[in-house]
Amino acid sequence: DAGVIQSPRHEVTEMGQEVTLRCKPISGHDYLFWYRQTMMRGLELLIYFNNNVPIDDSGMPEDRFSAKMPNASFSTLKIQPSEPRDSAVYFCASSSDRSNQPQHFGDGTRLSIL
Amino acid sequence: AQKVTQAQTEISVVEKEDVTLDCVYETRDTTYYLFWYKQPPSGELVFLIRRNSFDEQNEISGRYSWNFQKSTSSFNFTITASQVVDSAVYFCALSAPQRETSGSRLTFGEGTQLTVNP
């Protein structure tokens, strides 16, 4: 079975540019999560969706960040404009239950903002 | 509020040694779920195990075993006869279902970097 698929694996861009990260969850999973991992803050939940609807976006750092899930098989996390402090590894995860079942993670997108 | 503490930041062992990674959690919920994830040097997060709060049975999977003790709020992970390929960062995590918006928030510990030397 295909796992969670994220693209791109690596992204290097200049400050001020728009960045779009993509995620395809595991088929049949109706929860999708976006996380950010940094050395300073560890793993942080940014936002999660249930049945394509955003449920909790309290972890989104600021208005420069936005996330969408137009259908059950695709989600995007967008940063506009990007800043150097956004450099991190961004993970997408999906699960078939809100908290009972494990979340399965994609390989992550390593983002570097110069 | 939920909290997961992994007091061991780094552990270094020699191959074939047994090693235990500690995890202590805090939650007011009576129903909750505990997880362990592995993050190898390649960076992906790999699910290892889930345990619910009503099941205190220890579990063994090959060289891996987990000791869940509600009395001490601990969920420790032991690797027997460690191998170089076990070198990774290991995360303990906690999730509770009751709260409508935060129930799915997987609270991670800070991770333990395990290095197994040949």
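All values reported here derive from a predicted model rather than from experimental measurement.

> What exactly am I supposed to notice about the overall build of chain B here?
Along the backbone of chain B there are zero helices and twelve strands. Reading the secondary structure of chain B in the N-to-C direction produces β-β-β-β-β-β-β-β-β-β-β-β. Its C-alpha atoms give chain B a radius of gyration of 14 Å, near enough to 13 Å, the size a compact globule of 118 residues would have. Dimensions of chain B, computed from C-alpha atoms along their principal axes, come out at roughly 45 × 30 × 20 Å. Looking at chain B as a whole, 48% of its 118 residues are labelled buried. Sequence-distant contacts in chain B: of pairs separated by 6 or more residues, those separated by 24 or more amount to 57%. When the 10 positive and 14 negative side-chain charges of chain B are each reduced to one mean point, those points stand 5 Å apart.

> Looking at this structure, I do not really get the state of the cysteines. What am I missing?
Covalent bonding between the sulfur atoms of two cysteines defines a disulfide. Within the structure shown, the criterion is met by two disulfides over all chains. Here Cys 23 of chain A is linked by a disulfide to Cys 92 of chain A, with a sulfur-sulfur distance of 1.9 Å. Looking along the S-S bond of the Cys 23 of chain A-Cys 92 of chain A disulfide, the torsion reads about -65°, which is the left-handed sense. With a gap of 69 residues between them, Cys 23 of chain A in strand 3 (residues 19-24) and Cys 92 of chain A in strand 9 (residues 88-95) connect regions that are remote in the sequence. Note on Cys 92 of chain A: relative accessible area 0%, which makes it buried. Across a sulfur-sulfur distance of 2.0 Å, Cys 23 of chain B and Cys 92 of chain B are joined as a disulfide pair. Since a negative S-S torsion denotes a left-handed disulfide, the Cys 23 of chain B-Cys 92 of chain B link at about -65° is left-handed. Taken as a pair, Cys 23 of chain B in the loop between strand 3 (19-21) and strand 4 (24-26) and Cys 92 of chain B in strand 10 (residues 88-95) lie far apart in primary sequence, 69 residues in all.

> I would appreciate a short explanation of the nonpolar core in the present structure.
One recurring pattern in soluble globular proteins is that nonpolar side chains are buried together. All names here are of chain B. Counting residues in hydrophobic clusters, the biggest one holds 24 residues, and the most contacted among them are Trp 36, Phe 75, Phe 77, Tyr 90 and Leu 114. Among the elements that take part in this core, strand 10 stands out by supplying four residues, more than any other. Not counting chain neighbours up to four residues away, the residues in contact with Phe 75 comprise Cys 23, Leu 34, Phe 35, Trp 36, Ile 49, Arg 51, Trp 66, Asn 67, Phe 68 and Cys 92.

> So what exactly am I meant to see when it comes to the side chain of Ser 82 of chain A here?
Residue and element names in this part refer to chain A. Counting through the fold element by element, Ser 82 comes out in the loop between strand 8 (74-79) and strand 9. Judged by relative accessible area, which is 1%, Ser 82 ranks as buried. Once residues within four sequence positions are removed from consideration, Ser 82 is found in contact with Thr 13, Glu 14, Met 15, Gly 16, Gln 17, Val 19, Arg 64 and Ile 113.

> Which parts of the structure should I look at to understand the pairing of strand 4 (residues 31-38) of chain A?
Across a regular strand the side chains alternate sides, sitting on one face of the sheet and then on the other. Residue and element names in this part refer to chain A. Of all eight residues in strand 4, seven are buried; the element is thus mostly enclosed. Where strand 4 meets strand 5 (residues 42-50), eight bridges bridge the pair, whose relative direction is antiparallel. Its bridge partner being in strand 5, Phe 33 is matched across the sheet by Tyr 48. Once strand 4 ends, the chain turns through three residues before running back antiparallel as strand 5. Relative to strand 9, strand 4 runs antiparallel, the two being bridged by seven bridges. Residue Gln 37 lies in a different strand from strand 9, and its bridge partner there is Val 89.

> What should I look at first to understand the pattern of salt bridges in this one?
Opposite charge on two side chains permits them to pair, given that their charged atoms come into close proximity. All names here are of chain A. Enumeration over the complete set of coordinates arrives at twelve salt bridges over all chains. Note that Arg 9 is salt-bridged to Asp 107, the shortest N-O span being 3.7 Å. Residue Arg 9 is located in the loop between strand 1 (5-7) and strand 2 (10-13), and its partner Asp 107 is located in the loop between strand 10 (104-105) and strand 11 (109-113); the two are separated by 98 residues in the primary sequence. The exposure class of Arg 9 is partly exposed, given its relative accessible area of 37%. One salt bridge connects Arg 41 with Glu 44, and the closest N-O pair in it is separated by 2.7 Å. The exposed category is assigned to Arg 41, whose relative accessible area is 59%. Through salt bridges with shared partners, one network takes in Glu 62, Arg 64, Glu 83, Arg 85 and Asp 86.

Calculation notes
Sequence order as written defines the numbering, with residues in each chain counted from 1. The naming scheme follows written order: chains are lettered A onward, ligands numbered 1 onward. pLDDT decides what is reported in this predicted model: residues at 70 or higher carry local features, side-chain atom pairs at 80 or more are listed and counted, and totals for whole chains, interfaces and linings draw on all residues regardless. Side-chain descriptors were evaluated using all non-hydrogen atoms of the structure, hydrogens and water having been removed beforehand. Numbering of helices and strands runs from the N terminus; a helix is a DSSP stretch of H or I covering at least four residues, while a strand is a stretch of E covering at least two. Radius of gyration: C-alpha atoms only; globule rule: 2.2 Å multiplied by the number of residues to the exponent 0.38. Three exposure classes are used, based on accessible area relative to the maximum for each residue type with a 1.4 Å probe and protein chains only: buried under 20%, partly exposed in between, and exposed over 50%. In this description, contact between two residues means that some pair of their heavy atoms is separated by no more than 4.5 Å. Only four residue types enter the charge count, namely Lys and Arg as positive and Asp and Glu as negative; His and the chain termini do not. Lys charges are placed at NZ, Arg charges at CZ, Asp charges at CG and Glu charges at CD. Disulfides are defined as cysteine sulfur pairs within 2.5 Å. Here the nonpolar core consists of buried residues drawn from Ala, Val, Leu, Ile, Met, Phe, Trp, Tyr and Cys, with membership extended through side-chain atoms lying within 4.5 Å. The pairing criterion for strands is at least two bridges between them, as found by DSSP. When a carboxyl oxygen of Asp or Glu lies within 4 Å of a side-chain nitrogen of Lys or Arg, that pair is called a salt bridge.

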